[in-house]
Amino acid sequence: VLLLLFVLFVLPVTGQTGTDYDVAAHYTKREVDIIMRDGIKLHTTIYSPKDTSKEYPILMSRTPYSSRPYGEGQFRSKIGPNEYLMEQGNIIVYQDVRGRWMSEGIYDNMRAFIPNKSGKQVDEASDTYDTIEWLVNNVANNNGRVGVWGISYPGFYSTYSLLDSHPALKAVSPQASISDFFFDDFHHNGAYLLSYWYATALFGYEKNKPTDEAWYEFPELGTQDQYQFFLDAGPLSNLDKYYKEDNVFWQQLKEHPNYDEFWQKRGILQHLNDVEPAVMIVGGLFDAEDLYGPFNIYETIEETSDNFNMLVMGPWSHGDWARTKERQAVGNVYFGDNISRDYQKEVETVFFNHFLKGDAASEIILPEAYMFDTGLKTWKSYEAWPPKAAVKKSMFLAGDQDLAPTPAAGAEEFVSDPKKPVPYSEDIKVVFTPRKYMTDDQRFAARRPDVLVYETEVLEEDMTLAGEVLAKLNVSTTGTAADWVVKVIDVFPPDAEGTEEMQDHLKMSNYHMMVRSEVMRGRFRNSFSDPEPFEPNKKTAVNIKLQDVHHTFKKGHKLQIQVQSTWFPLIDLNPQTYVDNIFKAKESDFKKQTHKVFHDSEIIFQVLE
Ligand code: PG9
């Protein structure tokens with residue numbers, strides 16, 4: 001069962017999918033334990049090209065998901081960032097981060113960076129520095145230049161490598177990188193992602209010795225129906241029985257419901273100053289796990305550093321770009337063929353070759369921002385992101401079904417019932433993390449009385465959104481607490497057809513494609529660290545910044561906004577009466593309330609003229 005869970009839930013996260021490249025024929029494998037400055041040994045697997053007539057850069061990925069398999073002669077099914085880099089020949093290194101799998105030490109989720117370390121003080125930056133120092137001095141045929149890459153948590157360790165970076169580190173590609181667990185993965189704007197509850201099993205338990213056997217257990221829920229399971233479970237405290245006391249991360253999540261020092265010190269954006277290595281940030285525009293990270297890491301480095309820094313955002317879900325499948329689709333929506341392979345060959349390989357093998361001072365043939373238009377289904381290059389030509393355009397939630405250029409008086413209202421929450425998808429199964437809902441058809445939601453719908457007339461010409469979407473809601477509630485969810489939707493025309501490539505030949509007639517979505521837990525509307533209740537029935541401003549989009553709404557389509565207050569079980573239920581800590585709310589705290597959204601609520605788009 002554990003192996004099945006690992007294959008089903010964790011393997012896809014790391015992008016390690018099968019490949020027909022014969023690794024053993026071209027690489028020798030060596031496993032070493034590298035000693036860090038505090039004496040802890042980190043287990044490191046080194047794949048060196050068998051052709052020793054040349055020198056090669058070192059490409060490293062540091063991971064909490066295991067640098068397995070172990071044992072002589074065994075090779076990972078896919079050892080490199082992509083097959084082109086494997087075929088060219090690079091020294092490829094994987095390392096179990098401190099406290100995971102075969103490495104020693106104690107694990108700490110999103111371990112906080114320690115500025116100005118001294119003596120035996122350690123963090124992921126010092127572990128990376130010490131590892132690179134050992135590699136460049138002990139691995140044969142290396143050319144003295146090192147690259148780091150990684151997807152998701154390995155993306156976070158890639159970003160971390162930029163801090164107090166080793167002089168041999170020349171190119172880093174943080175991909176789907178976590179930047180802050182209060183906005184990536186486990187929370188979105190303070191709302192706890194209940195759909196991640198399962199993942200605390202993977203990251204909550206301490207192992208007591210280096211091991212290549214899973215030491216954690218996923219809870220056995222007895223059903224695949226995740227919506228019903230969590231609805232029946234009720235308050236979050238009822239979930240404790242599935243996790244033993246020693247699930248450290250589950251305890252930490254419950255004890256830190258606000259953006260307090262526990263989360264703040266683990267955020268990495270605050271430390272991204274004067275970055276020296278070249279950086280290529282990669283992410284998926286439909287990445288349900290880490291979308292905040294890529295955009296904010298790119299933007300922070302742009303603001304604080306003069307290094308080469310580029311952004312690549314494609315039509316991908318979490319980690320899609322590392323796979324070798326031909327047909328690229330997210331959920332029901334098909335985007336084209338060979339998109340990932342073309343990116344791997346023409347972007348990722350070019351980036352690493354330029355800075356690790358070529359003349360780094362020469363002009364690189366890559367744009368500042370390489371962005372996929374998820375409406376036109378084509379790539380575009382920009383000199384800046386967001387593009388300088390983007391201009392603000394306001395629309396207002398001006399009435400029933402009316403997304404208008406001007407506000408109106410009055411408000412729309414709906415009853416929000418925690419006992420009948422809005423599903424986040426029509427296909428909710430027990431998953432390690434939510435992954436495929438980001439382009440789902442939202443018609444099911446549009447037809448619910450507790451989802452407010454506003455849309456434009458049929459567009460008479462294409463409209464391209466390029467950049468953030470800011471929802472400036474004016475709301476009220478009969479209660480004292482509420483969550484607010486805003487969804488941006490591309491409504492396809494009645495005659496839209498599915499594509500031949502779509503095996504299910506799904507007709508896209510009237511398809512309500514979700515383009516972007518975000519939640520704001522209302523208590524955090526003025527501060528993530530100092531939450532406050534709503535005053536019943538008082539008109540209150542709630543601003544929600546939705547992550548950037550790059551989407552052309554084509555002529556004949558409509559742009560639709562949906563507003564709702566539950567999004568289950570993607571996020572946990574809000575009791576809708578104010579309690580200090582929702583993780584400790586009681587059954588009696590959960591109450592049906594009537595919410596209002598006023599017609600002067602504004603949605604500010606960035607439109608490419
Ligand atoms: N960011 C992803 C994740 C982190 C922690 C728990 C579950 C998922 C990832 O590393 O894939």
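Here the structure is a predicted model, which means the values were calculated and not measured. Positions within a chain are numbered from 1, following the residues in the order the chain's sequence is written. The predicted origin of the model limits local features to residues at a pLDDT of at least 70 and limits the giving and counting of side-chain atom pairs to 80 or more, whereas totals for whole chains, interfaces and linings rest on all residues. The basis for the side-chain values is all heavy atoms of the structure; hydrogens and waters are excluded.

**A word on the overall build of the protein chain**
As a reminder, the rule being used: A run of DSSP states H or I qualifies as a helix once it reaches four residues; a run of E qualifies as a strand once it reaches two. Both are numbered from the N-terminal end. Remark: exposure states derive from per-residue accessible area (1.4 Å probe, protein chains only) relative to the maximum for the residue type, with buried under 20%, exposed over 50%, and partly exposed in between. The contact criterion used throughout is that any non-hydrogen atoms of two residues lie within 4.5 Å. His residues and chain termini do not enter the charge count, which takes Lys and Arg as positive and Asp and Glu as negative. Lysine's charge is taken at NZ, arginine's at CZ, aspartate's at CG and glutamate's at CD.
Looking only at helices and strands, the protein chain has twelve helices and 25 strands in total. Viewed in the frame of its principal axes, the protein chain has a C-alpha envelope of about 75 × 55 × 45 Å. For the protein chain, buried positions account for 64% of its 609 residues. Within the protein chain, residue pairs in contact and separated by at least 24 positions form 78% of the contacts whose partners lie at least 6 positions apart. Counting 61 positive and 90 negative side-chain charges, the protein chain places the averaged centre of each group 3 Å from the other.

**Things to note about the packing of aromatic side chains**
What counts, and what does not: Here is the rule: rings of Phe, Tyr and Trp (six-membered ring for Trp) pair when centre to centre is within 6.5 Å. Planes less than 30 degrees apart are stacked, more than 60 are edge-to-face, and the remainder are tilted. Ring-over charges, as used throughout, are those where CZ of Arg or NZ of Lys falls within 6 Å of the ring centre and within 35 degrees of the ring normal.
In this structure the tally under the stated criterion is 59 aromatic pairs. Seen from their ring centres, W197 and F230 are 5.8 Å apart, and the 90° between their planes marks the pair as edge-to-face. Highlighted residues: W197 in the loop between β8 (191–192) and α6 (200–204) and F230 in helix α7 (residues 226–233), separated in sequence by 33 residues. Look at Y424 and Y437: their rings are 5.2 Å apart centre to centre, the planes differ by 85°, and that puts the pair in the edge-to-face class. Within this pair, whereas Y424 is found in the loop between β17 (411–416) and α12 (443–446), its partner Y437 is found in the loop between β17 and α12, the two being separated by 13 residues in sequence. The same class applies to Y424 as to Y437, namely buried. Sitting above the plane of the F262 ring, R266 keeps its charged end 3.8 Å from the centroid.

**Considerations on the sheet that holds strand β4 (residues 91–96)**
Two modes of strand pairing occur in sheets, parallel and antiparallel, and in both the strands are linked by backbone hydrogen bonds. We apply this condition: Whether two strands pair depends on DSSP finding at least two bridges between them. Only the stretch in contact is used when fitting a helix axis, every axis being a line fitted to C-alpha atoms; angles between N-to-C directions are given from 0 to 180 degrees.
Here ten strands make up an open sheet; going across it, the order is β1-β2-β4-β3-β5-β6-β9-β10-β13-β14 and the pairing mixed. With one partner strand each, in any of the chains shown, β1 (27–35) and β14 (378–382) form the two edges of the open sheet. The average undirected angle you get between the axes of adjacent strands in this sheet is 20°. Pairing between strand β9 (residues 278–284) and strand β10 (residues 309–314): six bridges, direction parallel. Counterpart to G284 in the pairing with β10 is G314.

**Re helix α8 (residues 248–255)**
Helical geometry note: an α-helix holds 3.6 residues per turn, so side chains three or four residues apart project in the same direction. Burial runs high along α8: six of the eight residues are buried. Check the buried side of α8 and you find it contacts β7 (187–188), β8, α6 and α9 (261–264).

**Some details on unusual backbone geometry**
Residues W385 and P386 are joined by a peptide bond in cis, for which omega reads -5°. Along the chain, P386 turns up in the loop between β14 and β15 (390–399). Here the bond from F568 into P569 is cis, since omega is -10°, no more than 30 degrees from zero. Its location among the elements puts P569 in the loop between β23 (558–564) and β24 (593–598). Backbone geometry places K377, a non-glycine residue, at a positive phi of 65°. Tracing the sequence through the fold places K377 in the loop between β13 (369–373) and β14.

**Quick notes on the environment of E220**
This is how it is decided: Each polar contact in these results corresponds to two N or O atoms within 3.5 Å; when the atoms are within protein, one needs to be able to donate a hydrogen and the other to accept it, and residues that are neighboring in sequence are counted only if both atoms are side-chain atoms.
Its location among the elements puts E220 in the loop between α6 and α7. Among the polar contacts made by the side chain of E220, one reaches the main-chain amide nitrogen of G222 at a distance of 3.2 Å.

**A short note on the nonpolar core**
Across soluble globular proteins, nonpolar side chains show a tendency to be buried alongside one another. So the rule is basically this: What makes a nonpolar core is a set of buried Ala, Val, Leu, Ile, Met, Phe, Trp, Tyr and Cys residues whose side-chain atoms join them at distances within 4.5 Å.
Counting residues in hydrophobic clusters, the biggest one holds 182 residues, and the most contacted among them are Y153, W197, W484 and I561. Membership of the second largest hydrophobic core comes to five residues, among which are V422, F444, A445 and V453.

**Considering the side chain of D130**
Following the sequence through the fold, D130 ends up in helix α4 (residues 124–138). Beyond its immediate chain neighbours, meaning those up to four positions away, D130 contacts I34, M36 and R37.

**As for the layout of surface pockets**
Rule in force here: Cavity and pocket criteria rest on a 1 Å grid covering protein atoms alone: a 1.4 Å probe that fits but cannot get out defines a cavity, protein on both sides within 12 Å along at least 5 of 7 lines defines an open pocket, and an atom within 4 Å of a point defines a lining residue. Grid points are joined across faces, edges and corners, and a volume is the space filled by probe spheres set on the points. Amino acids outside the nonpolar list (Ala, Val, Leu, Ile, Met, Phe, Trp, Tyr, Cys, Pro) and the charged list (Asp, Glu, Lys, Arg) are all regarded as polar, and Gly is one of them.
Each pocket or cavity is described by its volume, and for the second largest pocket that value is around 400 Å³. At the level of elements, β15, β16 (401–404), β19 (463–477) and β25 (602–608) are the ones that each hand at least two residues to the lining of the second largest pocket. Looking at side-chain class alone, the lining of the second largest pocket contains nine nonpolar, three polar and eight charged residues.

**Remarks on a negative patch on the surface**
What counts is decided by this rule: Like charges within 9 Å and nonpolar side chains (Val, Leu, Ile, Met, Phe, Trp, Tyr) within 5 Å are joined into patches, using only residues over 30% in relative accessible area that form no salt bridge. Only the protein chains shown count as cover for residues, and the accessible areas themselves come from Shrake-Rupley with a 1.4 Å probe. For this document, the term salt bridge refers to a Lys or Arg side-chain nitrogen within 4 Å of an Asp or Glu carboxyl oxygen.
Where like charges cluster on the molecular surface, the negative patch consists of D400, D402, E457, E460, E461 and D462. Mapped onto the elements, D400 comes out in the loop between β15 and β16. With relative accessibility at 58%, the residue D400 sits in the exposed group.

**Considering the pairing of β14**
Pairing of β13 with β14, which is carried by five bridges, proceeds in the antiparallel orientation. The residue of β14 that forms the bridge with F372 is W379. Linkage of β13 to β14, two consecutive antiparallel strands, is achieved through a turn of four residues, within which K377 is found at a positive phi near 65°.

**What to know about helix α11 (residues 339–356)**
The following threshold applies: Take the residue count of a helix, subtract one, and multiply by 1.5 Å to get its expected span. Take the seven residues that end at a residue and the seven that start at it, fit an axis to each, and the angle between those axes is the bend at that residue.
If you check α11, its first and last C-alpha atoms are 24 Å apart, about what 18 residues at 1.5 Å a residue would give, namely 26 Å. Roughly 35° is the biggest bend found in α11, and it falls at T349. Most of α11 is tucked away: 13 of the 18 residues are buried.

**Comments concerning the side chain of S416**
Among the secondary structure elements, S416 is positioned in strand β17. At 2.6 Å, the side chain of S416 forms a polar contact with the side chain of Q576. Leave out the neighbours within four places in its chain, and S416 touches S565, T566, Q576, K591, K592, Q593 and H595.

**Some thoughts on the pairing of β24**
Here six bridges tie β17 to β24, and the two strands are oriented antiparallel to one another. Pairing of V415 across the sheet is with T594, part of β24. Pairing between β19 and β24: three bridges, direction antiparallel. Following the sheet pairing, T477 is matched in β24 by H595.

**Quick look at the confidence of the model for the protein chain**
Where we set the bar: Across the chain, each position has a pLDDT score giving the predictor's confidence in that residue, from 0 to 100.
When the pLDDT values of the protein chain are averaged, the result is 93; 95% of them are 70 or greater. Throughout residues 6–18 the model reports pLDDT below 50, and contacts reaching past four residues in sequence, or to other chains, amount to 36 contacts. For this predicted complex, the interface confidence score (ipTM) comes to 0.97, while the overall pTM stands at 0.95.

**Remarks on the pattern of salt bridges**
A side chain with one charge may pair with a side chain of the opposite charge, provided their charged atoms come close. On inspection of all chains with the given rule, the structure shows 25 salt bridges. Its salt-bridge partner being E124, residue R111 comes within 3.0 Å of it at the nearest N-O pair. Separated by 13 residues along the polypeptide, R111 in the loop between β4 and α4 and E124 in helix α4 bring together distant segments of the chain. Judged by relative accessible area, R111 falls into the buried class, the value being 12%. Between K539 and D600 there is a salt bridge, with its nearest N and O atoms 2.6 Å apart.

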